[in-house]
Amino acid sequence: MPFRQFVLKVASRCDLACDHCYVYEHADTSWRGRPMVMSDETAARVADRIAEHAAEHRIQTTHVVFHGGEPLLAGIDRLRRFSRTLRRAVEGVCDLDLRIHTNGVLLSRAFCDMFADEGVKVGVSIDGDRAANDLHRRYANGRSSYDQVVRAITLLRDDYPHLYAGLLCTIDVRNDPVAVYEALVALRPPRVDFLLPHATWDSPPLRPGGRRTAYADWLTAVHDRWRADGRPVPVRMFDSITLTASGGDSQTESLGLRPSDLVVIETDGSYEQADSLKTAYDGAPATGFDVFRHSLNEAARHPGFAARQGGLDSLADECRRCPLVTSCGGGLYAHRYRTGSGFANPSVYCADLFRLISHLIDKERRNPTAPVHRLPVATLDALASGSAGADDVARLRAPQLSGARLAAGRAAAVVAGQESWSVLVDAERADRDAVDDLLSHPYVHAWAARCAAAGPARLTAADAGHLAAVAAVAAVRTGLAVKVTVPVTGTFVHLPGLGRMRADGQDHAEVDAHDGSFAVRVDGRWLSEDSLLWEPVRTIEAAGLRLLLDDVDPYRDCHGLPVEDRLTGETAAEWGEVVRSALASLTEDQRAAMRAGLRVLTPLKAGTPGAAGRTAYGAVALPLGAGPETTARLLIEHFHRAQLGALLDLLDLTGGDPSRERLLCDVYGLLSVAGLLGDEELARLTAAIGRITDGALPAVGRRFAEGLAEAAARLPLPGHSRRR
């Protein structure tokens, strides 16, 4: 298995003396014989080896972390040179995700300016509030580092939010878990990592009072508070457990069965296994290989790397029999070590992991996280009677937005696109309303729902890559200055809600967002919205409505009917006139309701019956070729179907009976155009309403069905006069 993650030890000394540090305070002492900083010659050789490896294995994105010791000790100029050396080496070979992880005490505006120039994201270690941080993270003379670290994080958060990658907290169970959690969340990080202190069976972790699951108890207290707060920040450990429990991949090497693809490169160019192995015994991570004499392929064949890529087969018998093994994965490899049996053991945190994972899975099954929304009874009755006004329709928007945000979060977890998600987090900090508007776009919601339903096993490359396109649009809408690499799908770069740029012959393109605008790099040229290759989403304005005519979004095919591709200018103008005439024929109440709940129109192939996709609330798809009268009828019918779909997302009206739900949708749509129905259609509608009410329904469903029946009773009898 090729390496995709590279930890570069650019400095092998530290300016703090943290007593829980696995590099300097545990069994391994190899740091003593290594250069204090990586040389330019070594960095150049590292860059060449990475580029060579990425080209041979056709790796799309390579992830590099500058690490230490304390990597800032390498200095601004050296880190700038290293960054440029790496980017030059991989240019045209793969994308480079470049990061640095620091204790923060040296982080300054000068460092941040350089990181902004070189595209380096910054993660910071902090263990919580002052009391928690001072327990371990002190200078050699005992002085606290807390104020300097908080100053660094505040600088990142407020002045360089696009560089702020997250916080890492090493757990000490003597600290108050909720106080630690609150201190971390107050720093508004894009992500939090909780790290179990490195320990082995030979050197077990601290367990005050002999509590067998002290770490699980601590983490479940954090989890439950985090969940009650609405998950204000992604937590890698919790998200990984939820993902692996549903068949997804872990986001951390300490959980799950995903093979490790990480290699450490020391200041002298030596290839090493994961740093955490330094806690096992002196020399545990060593391989005997280095960048000057050996390729990364040669290093990958070392037995130590193979042992961390064996999945289930590499675990102890006890682990393989465990019902939670897909989530636990045996725990971090280093934590399994015991003299005599090596790493063929369960984790020294086995009991903690079992309790924590069980708790999280049980919580999710019993009470899936979702915002609570309530609908006034008057709105339910108005919807049932077909007389819902603009205010009633508007009340359905909040739960739909919550659903869209939840779907987007689940999609991001499935995609595991941390860089794109970080852009979205930064954009939300800048303008939450703009990001909410984007996430509730019908076809962004449809994409997110598709990803969440597919899961990692069935996720396509196009679906995964679209997260980057969503992030790019978020940056444009909120005025962020950021460059995002997005996929080219079907010869186009798609920017949801904005349009698409033709990019023939490329797999990926770079979107440069700046000052509320953007440019796309195609064939080495930066093309803006003025380019002839840009196809914007058009608009239709009529009767007080401003609707998007979206014939380019790749997820507009969610309606189950064949969609039209990009309309010619003439065809778009003609269809726009038909839609305007249809809207003009509606009542003012109908148009007011549509202003509250309709956002996008998508053209379908001629002869299709129209549709409103359940996961694309706010969009209605209508056929080309129909006249204004037919278009008006289909628009009313499918707009009402969409409102019922939104109501069904909020309330169980049918007792979970899918066939009765489909019948209810058909009835509700037809009831909205009952005045245009013929005798035979009216008779079928009345009979269908009878079938809905003739059966066991939940109380809220019974009330809704009775409202439908009352509305049907007011219809003209077949054969009586009515508006045609």
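None of these values were measured; they are calculated from a predicted model.

*Asks:* Can you walk me through the overall build of the protein chain in this structure?
*Replies:* When helices and strands are counted, the protein chain shows 26 helices and 20 strands. Computed over its C-alpha atoms, the radius of gyration of the protein chain comes to 29 Å, within 12% of the 27 Å expected for a compact globule of 724 residues. Principal axes of the C-alpha set define a box for the protein chain whose edges measure 95 × 60 × 45 Å. In the protein chain, which comprises 724 residues, the proportion classed as buried is 56%. Contacts in the protein chain between residues at least 24 apart in sequence constitute 70% of all its contacts with a sequence separation of at least 6. By element, 50% of the accessible surface of the protein chain is carried by carbon and sulfur atoms, the whole surface being about 29,600 Å². Placing the 83 positive and 93 negative side-chain charges of the protein chain at their respective mean positions leaves the two points 2 Å apart.

*Asks:* Sorry if this is basic, but what is going on with the sheet that holds strand β10 (residues 482–487) here?
*Replies:* In any sheet, the strands associate via hydrogen bonds between backbone groups, in a parallel or an antiparallel arrangement. Pairing is antiparallel in the open sheet, where four strands are placed in the order β10-β13-β14-β15. Only two strands of the sheet have a single neighbouring strand rather than two, namely β10 and β15 (525–527). Pairs of neighbouring strands in the sheet enclose a mean axial angle of 30°, with direction left out of account. Both strand β14 (residues 517–522) and β15 contribute to a ladder of three bridges, which runs antiparallel. Bridge assignment links V520 to a residue of β15, and that residue is L527.

*Asks:* When you look at the pattern of salt bridges in this model, what are you seeing that I'm missing?
*Replies:* Applying the stated criterion across every chain, the model contains 51 salt bridges. Of the charged contacts in the structure, one is a salt bridge between R500 and E535, with a shortest N-O distance of 2.6 Å. One end of the pair, R500, is in strand β12 (residues 499–502); the other, E535, is in strand β16 (residues 534–536), with 35 residues separating them in the sequence. Connected through salt bridges with shared partners, the residues R500, E535, R538, D551, R556, D565 and R566 form a single ionic network.

*Asks:* Before we go on, may I ask you to explain the side chain of N103 in this structure?
*Replies:* By the element assignment, N103 lies in the loop between β3 (95–102) and α3 (109–118). A polar side-chain atom of N103 sits 2.9 Å from a polar atom in the side chain of D15. With residues up to four places along the chain from it excluded, the contact list for N103 reads C14, D15, L16, E70, V124, S125 and V149.

*Asks:* Help me out: how do you make sense of the confidence of the model for the protein chain in this one?
*Replies:* The predicted coordinates ought not to be read in detail in places where the model reports low pLDDT. Of the residues in the protein chain, 95% have a pLDDT of 70 or more, and the chain-wide mean is 88. The low-confidence segment residues 720–724, where pLDDT is below 50, has 16 contacts with residues more than four positions distant or belonging to other chains.

*Asks:* Explain the side chain of D97 to me, please; I cannot follow it from the model alone.
*Replies:* If you trace the backbone, D97 turns up in strand β3. Polar side-chain contacts of D97 include one of 3.0 Å to the side chain of R99. Once you skip the residues sitting within four places of it in the chain, D97 turns out to touch T61, T62, H63, V64 and E419.

*Asks:* I keep staring at the nonpolar core and nothing clicks. Help me out?
*Replies:* Nonpolar side chains in soluble globular proteins tend to be buried together. Counting 90 residues, the largest nonpolar core has L8, L79, F115 and F194 as the members making the most contacts within it. The contact partners of L8, leaving out residues within four places of it in the chain, are V46, I50, V64, V65, F66, H67, L86 and I265.

*Asks:* For this particular structure, what's the right way to read the sheet that holds strand β9 (residues 286–290)?
*Replies:* Taken in spatial order, the nine strands line up as β6-β5-β4-β3-β2-β1-β7-β8-β9 in an open sheet, and their pairing is mixed. Each edge of the open sheet is held by one strand with a lone partner, namely β6 (192–195) and β9. The average undirected angle you get between the axes of adjacent strands in this sheet is 25°. Here four bridges tie strand β1 (residues 5–9) to strand β7 (residues 262–265), and the two strands are oriented parallel to one another. Across the sheet, residue Q5 finds its bridge partner in β7, namely L262.

*Asks:* Please clarify how the packing of helix α22 (residues 588–597) against helix α23 (residues 628–650) should be interpreted in this entry.
*Replies:* Packed helix pairs are specified by the crossing angle of their axes together with the interaxial distance, meaning the distance between the axes. Look at α22 against α23: their axes get within 11 Å of each other, and the N-to-C directions meet at 50°. When the axis of α22 is compared with that of α23, the two are oblique. Between α22 and α23 lies a crossing of left-handed hand. Facing α22, whose interface residues are Q590, A593, M594 and G597, α23 presents L635, I636, F639 and Q643. Its residues assigned to classes, the contact of α22 with α23 comprises five nonpolar, three polar and no charged.

*Asks:* It is not clear to me how the state of the cysteines should be interpreted in this structure. Could you clarify?
*Replies:* Cysteine pairs can be linked by a disulfide, which is a covalent bond between their two sulfur atoms. Evaluated as defined, the whole model comprises zero disulfides. The cysteine C350 is free of any disulfide, with C319 supplying the nearest cysteine sulfur at 6.1 Å. By relative accessible area, which is 30% here, C350 ends up partly exposed.

*Asks:* What should I look at first to understand the packing of aromatic side chains in this one?
*Replies:* For any two aromatic rings, the description comes down to two numbers: the centre-to-centre distance and the angle of the planes. Per the stated rule, a full pass over the model turns up 11 aromatic pairs. Centre to centre, the rings of W226 and F238 are 5.2 Å apart; their planes meet at 50°, and the pair counts as tilted. Taken together, the residues W226 in helix α7 (residues 214–228) and F238 in helix α8 (residues 236–245) connect sequence positions 12 residues apart. When its relative accessible area of 2% is taken as the criterion, W226 is described as buried.

*Asks:* For this particular structure, what's the right way to read the environment of L545?
*Replies:* Inspection of the secondary structure puts L545 in strand β18 (residues 545–549). By relative accessible area, which is 4% here, L545 ends up buried. Taking the C-alpha atoms as reference points, L545 and R580, separated by 35 residues in sequence, lie 9.5 Å from one another. The residues contacting L545, other than those within four sequence positions of it, are I540, L583, R591, M594 and R595.

*Asks:* Mind showing me how you'd approach helix α21 (residues 569–584) here?
*Replies:* Here α21 spans 22 Å end to end across 16 residues, near enough to the 22 Å set by a 1.5 Å rise per residue. When α21 is considered as a whole, its buried residues turn out to be A572, W575, G576, V578, V579, A582 and L583. Each buried residue of α21 sits inside an arc of 165° when the element is viewed along its axis, so together they form one side. Residues E570 and A584 are exposed on α21 and point more than 90 degrees away from its buried face.

*Asks:* How do you make sense of unusual backbone geometry when you look at a structure like this?
*Replies:* For residues besides glycine, phi is generally negative; the peptide bonds are generally trans as well. Residue G69 is reached from G68 by a cis peptide bond, and omega for that bond is 20°. Mapped onto the fold, G69 is located in the loop between β2 (61–67) and α2 (76–90). Phi is positive for D523, which is not a glycine, with a value near 50°. Of note, D523 is situated in the loop between β14 and β15. Take D523: its relative accessible area is 55%, and that puts it in the exposed class.

*Asks:* How should α3 be read in this particular structure?
*Replies:* A turn of α-helix holds 3.6 residues, and therefore any two residues three or four places apart point the same way. Regarding α3, the residues found buried are F111, C112, M114, F115 and E118. Along the axis of α3, the buried positions cluster into a sector of 160°, meaning they face one direction only. One or two steps after α3, the chain reaches G119, where phi turns positive at roughly 70°.

*Asks:* Would you mind going over the environment of A316 with me for this structure?
*Replies:* Inspection of the secondary structure puts A316 in the loop between α10 (303–307) and α11 (317–320). What makes A316 buried here is its relative accessible area of 13%. Taking the C-alpha atoms as reference, A316 lies 36 Å from E52; in sequence the two are 264 residues apart. In this structure A316 touches A344, N345 and P346, once residues within four positions along its chain are discounted.

About the cut-offs
Residues numbered from 1 in each chain as written. Predicted model: local features only at pLDDT ≥ 70, side-chain atom pairs only at ≥ 80, totals over all residues. Heavy atoms only, no water. Helix = DSSP H or I, 4+ residues; strand = E, 2+ residues; numbered from the N terminus. Rg over C-alpha atoms; globule rule 2.2 N^0.38 Å. Buried < 20%, exposed > 50% of the residue type's maximum accessible area, 1.4 Å probe, protein only. Contact = heavy atoms within 4.5 Å. Areas by Shrake-Rupley, 256 points an atom, 1.4 Å probe, with all protein chains shown as cover. Lys, Arg positive; Asp, Glu negative; His and termini not counted. Charge placed at Lys NZ, Arg CZ, Asp CG, Glu CD. Pairing = 2+ DSSP bridges. Axes fitted to C-alpha atoms, helices over the stretch in contact; angles between N-to-C directions. Salt bridge = Lys/Arg side-chain N within 4 Å of Asp/Glu carboxyl O. Polar contact = N/O pair within 3.5 Å; in protein donor to acceptor, adjacent residues only side chain to side chain. pLDDT = per-residue confidence, 0-100. Core = buried A, V, L, I, M, F, W, Y, C linked by side-chain atoms within 4.5 Å. Parallel < 35°, antiparallel > 145°, perpendicular 65-115°, else oblique. Left-handed = near helix turned anticlockwise from the far one by under 90°. Nonpolar A, V, L, I, M, F, W, Y, C, P; charged D, E, K, R; others polar. Disulfide = S-S within 2.5 Å. Phe/Tyr/Trp six-rings, centres within 6.5 Å; stacked < 30°, edge-to-face > 60°. Expected span 1.5 Å × (residues − 1). Arc of directions from axis to C-beta.

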